[in-house]
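Letter by letter, the chains look like this.
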Amino acid sequence: MLHDLVISGGTIVTATETYKADVGIKNGTIQTLGYDLLGSEKIDASNKLVLPGGIEAHCHIAQESATGGVTSDDYRSGSVSAAYGGNTCFIPFAAQHRGMGLLETLDLYDSRSLNSSVIDFSYHLIISDLSGNVMEREFPKAVARGVTSFKVFMTYDLLKITDEQFLEVLHTAKEYGALTMVHAENSGIINWVSEKLIKGGHTAPRYHAISHPALAEVEAISRAIMLSKFVDAPLLIVHVSTPAGANLVRDARNEGLKIFAETCPQYLFLNRKDLDRPGMEGAKFMCSPPVRDSETQEALWRHLQLGTFDVFSSDHSPYRFDETGKLSKGVDATFQQIANGMPGIATRLPLLFSEGVNKGRITLQQFVRLSSTNAARTYGMLPQKGSISVGADADIAIWDPNLKRVVTAQNQHDAMDYTPYEGLELTGWPTSVITRGKPVIMDGQLVGDHSHGKFIARGKIDLTGIPGHQALELDIEKNFGANLTS
Ligand code: URP
Ligand code: ZN
Ligand code: ZN
């Protein structure tokens, strides 16, 4: 058979195997895995690794925060930057702010992503307002559009929902085969400490971390797990930043609860000392939950090795270090007035490859799971995405495992003016990236087309292999009737 494109001579790595073979691509999907394949076009991948393209499952693109700031990356720059980082698909958030409907929110993000992305995409839908008929009427329609993951916040005054509302989202999501994601930090602790710090004149960026103590995360993760257990609903805890929080996740999984978790590069590679940089420099490293200490970094690596974390995502929240972003309230802004988040969509995978695979902390198979396959499974895209197998979308990243490159703000392709990893030399980089059979990056050059990336309607969440919590203390169906959501 004559393929449209053949990737020849490389070493294919999947979540379970490593072997040498050619990849034959036709009509955007993988047609053949074999030897001496024929193709109209050829990419020579000798001495390279051929991996499932990365799936970036946590990033903020063309998104307003509840306080009005807008991320500097849109679907054009964000998708290009993601592709340079070895990603072939990403799932930014569509943020429902109070007063907005869910479908209105999805329409808005459709207009922002239209003809803009060089790679495929979907959305997680943030729910901050359950008033009116949002859960009864709009939630099922969002799921029917292929949006099957929903994020809620336990903190941030303009986003947080009550425990009652959290239960409602968990229960409704379960009914429709969707997944609830949660930002787990205790709002009361954060607000109480912040007020005291500000009153005492402690306003510098470093106090942001002090106002978001580890216990605030641990309490909220614990409560979130209990709420999920109570209604027997799957839950994914995003950006886990503490060993104690990760231990709760591990124990919940051990108990058979449907708990999933994510951590992010900043919690492995940055720490509190970065927030102590002079003047406002520390603002570049502010995110929520905050970066912590070196013991935390080591403990989170161990959890990554043990499989506590299903997904490893960037939480790319790009706010420039200027008056449009971090410094929008001036150079004397208090830590409460500085936008939270940092860029990292292009460095997520090179960091994990260099410091994880090349330094012997994780295997290539773990890398593939954490970078792609687990996200595809967790977010309802497997086997279309996240695997190199016959019939799957030809979403492939070709990696040179020995290529050395220093990270600088100048060699990024996002819309940012800094990278938190400035000056770090990493070994192992993607050199070519192919989305649905079409090259997006070739030998380090952008060749992709902004109308190529398409919205991926995702399926129900696959809970295969998760035992599930059977003994409900309160049998909701029995006590309240068959379907609470109708
Ligand atoms: O500080 C961060 N991570 N900002 C992004 C918003 C969020 O909670 O993920
Ligand atoms: Zn969050
Ligand atoms: Zn985030």
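This structure is a prediction, so every number in the text was calculated from the model and none was measured.

Chemist: Explain empty space enclosed by the protein to me, please; I cannot follow it from the model alone.
Modeler: Leftover empty space is mapped by rolling, across the atoms, a probe with the size of a water molecule. Taken as a whole and assessed by the stated rule, the structure comprises 1 cavity of 30 Å³ or more. As a volume, the largest cavity reaches approximately 50 Å³. Forming the walls of the largest cavity are His316, Pro343, Gly344, Ile345, Ala346, Thr347, Gln412, Asp414, Tyr418, Thr419 and Pro420. Per-class residue counts for the lining of the largest cavity are 5 nonpolar, 5 polar and 1 charged.

Chemist: Honestly, the confidence of the model for the protein in this entry has me stumped. Any pointers?
Modeler: Residues shown with low pLDDT carry predicted positions that ought not to be read at fine detail. On average, residues of the protein score 95 in pLDDT, and 96% of them reach the 70 mark or higher. Long-range and interchain partners of residues 482-486, a stretch whose pLDDT sits below 50, account for 11 contacts in this model, where long-range means more than four residues apart.

Chemist: Got a minute to help me understand the sheet that holds strand E6 (residues 38-44) in this structure?
Modeler: The pairing of strands in a sheet happens through backbone hydrogen bonds and is either parallel or antiparallel. Across the sheet, which stays open at both edges, the 4 strands sit in the order E5-E4-E1-E6 with mixed pairing between neighbours. With partners counted over all chains shown, the strands left at the sheet margins are strand E5 (29-34) and E6, one partner each. Along the sheet, successive strands turn relative to each other by an average axial angle of 25 degrees, direction set aside.

Chemist: I would appreciate a short explanation of the coordination of the zinc ion (ligand 2) in the present structure.
Modeler: Angles between donor atoms at a metal ideally measure 109.5 degrees for a four-coordinate tetrahedral arrangement and either 90 or 180 degrees for a six-coordinate octahedral one. For the zinc ion (ligand 2), the protein coordination sphere consists of Lys151 (NZ), His183 (ND1) and His239 (NE2), at 2.1 to 2.3 Å. Spacing between the donor residues of the zinc ion (ligand 2) along their common chain follows K-x31-H-x55-H. In this structure, the zinc ion (ligand 2) lies 4.1 Å from the zinc ion (ligand 3). Of this pair, His183 sits in strand E13 (residues 179-183) while His239 is found in the loop between strand E14 (235-237) and helix H8 (243-254), placing the two residues 56 residues apart along the sequence. Side by side, His183 and His239 carry an identical accessibility label, which is buried.

Chemist: Before we go on, may I ask you to explain the nonpolar core in this structure?
Modeler: Proteins that are soluble and globular tend to have nonpolar side chains buried together. The biggest cluster of nonpolar side chains holds 126 residues, and the ones touching the most others in it are Phe166 and Ile237. The element contributing the most residues to this core is strand E9 (residues 87-95), with 6 residues. Residues within four places of Ile237 in sequence aside, it is in contact with Val182, Ala184, Ile221, Ile225, Val249, Ile259, Phe260, Ala261 and Glu262. Within the second largest apolar cluster, 15 residues are counted, among which are Ile7, Ala21, Ile25 and Ile388.

Chemist: Even after reading the chapter, I still don't get the pattern of salt bridges, so can you show me in this structure?
Modeler: Pairing of side chains with opposite charge becomes possible as their charged atoms draw close. Under the defined criterion, the tally for this structure stands at 24 salt bridges. Here Asp110 and Arg145 are joined by a salt bridge, their closest N and O atoms 3.0 Å apart. With Asp110 in helix H2 (residues 102-113) and Arg145 in the loop between helix H3 (134-144) and strand E12 (149-153), this residue pair connects regions lying 35 residues apart in the sequence. Note on Arg145: relative accessible area 28%, which makes it partly exposed. Salt-bridge contacts for Lys284 lead to Glu281; the nearest nitrogen and oxygen are separated by 3.3 Å. A residue is classified by how much of its surface remains accessible, and Glu281, at 27% relative accessible area, is partly exposed.

Chemist: So what exactly am I meant to see when it comes to the coordination of the zinc ion (ligand 3) here?
Modeler: Looking at the metal site, the zinc ion (ligand 3) is ligated by His58 (NE2), His60 (NE2) and Asp315 (OD), spaced 2.0 to 2.1 Å from it. For the zinc ion (ligand 3), the 4 donor atoms in the first shell make angles of 89 to 121 degrees at the metal, a pattern classed as tetrahedral. If you list the donors of the zinc ion (ligand 3) from N- to C-terminus, the spacing comes out as H-x1-H-x254-D.

Chemist: I tried to follow the site of ligand 1 on my own but got confused; where do I start?
Modeler: By nearness alone, 13 residues border ligand 1, and Lys151, His183, Ser288, Asp315 and Ser317 come closest of all. A distance of 3.2 Å is found between an oxygen atom of ligand 1 and a side-chain nitrogen or oxygen belonging to His60. In the environment of ligand 1, a nitrogen atom lies 2.7 Å from a nitrogen or oxygen atom belonging to the side chain of Asp315. Most atoms of ligand 1, that is more than half of them, are within 2 Å of grid points of the largest pocket. When grouped by side-chain class, the residues that make up the shell around ligand 1 number 3 nonpolar, 8 polar and 2 charged.

Chemist: What should I look at first to understand H8 in this one?
Modeler: For the α-helix, the turn length of 3.6 residues means that residues three or four positions removed from each other point alike. For H8, which comprises 12 residues, the first-to-last C-alpha distance of 16 Å matches the rise-based estimate of 16 Å (1.5 Å per residue) to within 8%. For H8, the full list of buried residues reads Gly245, Ala246, Val249 and Ala252. End-on view of H8: buried residues confined to an arc of 120 degrees, all on one side of the axis. Where H8 is buried, its residues meet helix H7 (214-230), E14, strand E15 (259-263) and helix H11 (294-306). Gly256 lies just past H8 and shows a positive phi near 90 degrees.

Chemist: When you look at the packing of aromatic side chains in this model, what are you seeing that I'm missing?
Modeler: For any pair of aromatic rings, the description consists of the separation of the ring centres together with the inter-plane angle of the planes. Evaluation of the coordinates by the stated rule reveals 14 aromatic pairs. Seen from their ring centres, Tyr123 and Phe455 are 5.4 Å apart, and the 35 degrees between their planes marks the pair as tilted. Residue Tyr123 is found in the loop between strand E10 (120-121) and strand E11 (124-126), and its partner Phe455 is found in the loop between strand E20 (445-446) and helix H14 (476-480); the two are separated by 332 residues along the sequence. Accessibility expressed as a relative area gives 26% for Phe455, which makes it partly exposed. Both rings, one in Phe139 and one in Tyr176, keep their centres 6.1 Å apart while their planes meet at 45 degrees; by these two values the pair is tilted.

Rules and cut-offs
- Residues numbered from 1 in each chain as written.
- Chains lettered and ligands numbered in written order.
- Predicted model: local features only at pLDDT ≥ 70, side-chain atom pairs only at ≥ 80, totals over all residues.
- Heavy atoms only, no water.
- 1 Å grid on protein atoms, 1.4 Å probe; cavity = no way out; pocket = protein on both sides within 12 Å on 5 of 7 lines; lining within 4 Å.
- Points joined across faces, edges and corners; volume = space filled by probe spheres on them.
- Nonpolar A, V, L, I, M, F, W, Y, C, P; charged D, E, K, R; others polar.
- pLDDT = per-residue confidence, 0-100.
- Contact = heavy atoms within 4.5 Å.
- Pairing = 2+ DSSP bridges.
- Helix = DSSP H or I, 4+ residues; strand = E, 2+ residues; numbered from the N terminus.
- Axes fitted to C-alpha atoms, helices over the stretch in contact; angles between N-to-C directions.
- Donors = N, O, S within 2.8 Å, 3.2 Å for Na, K, Ca; no water.
- Buried < 20%, exposed > 50% of the residue type's maximum accessible area, 1.4 Å probe, protein only.
- Core = buried A, V, L, I, M, F, W, Y, C linked by side-chain atoms within 4.5 Å.
- Salt bridge = Lys/Arg side-chain N within 4 Å of Asp/Glu carboxyl O.
- Tetrahedral: all angles 85-135°; square planar, octahedral: opposite > 155°, others 65-115°.
- Near = heavy atom within 4 Å.
- Polar contact = N/O pair within 3.5 Å; in protein donor to acceptor, adjacent residues only side chain to side chain.
- Sits in = over half its atoms within 2 Å of the grid points.
- Expected span 1.5 Å × (residues − 1).
- Arc of directions from axis to C-beta.
- Phe/Tyr/Trp six-rings, centres within 6.5 Å; stacked < 30°, edge-to-face > 60°.

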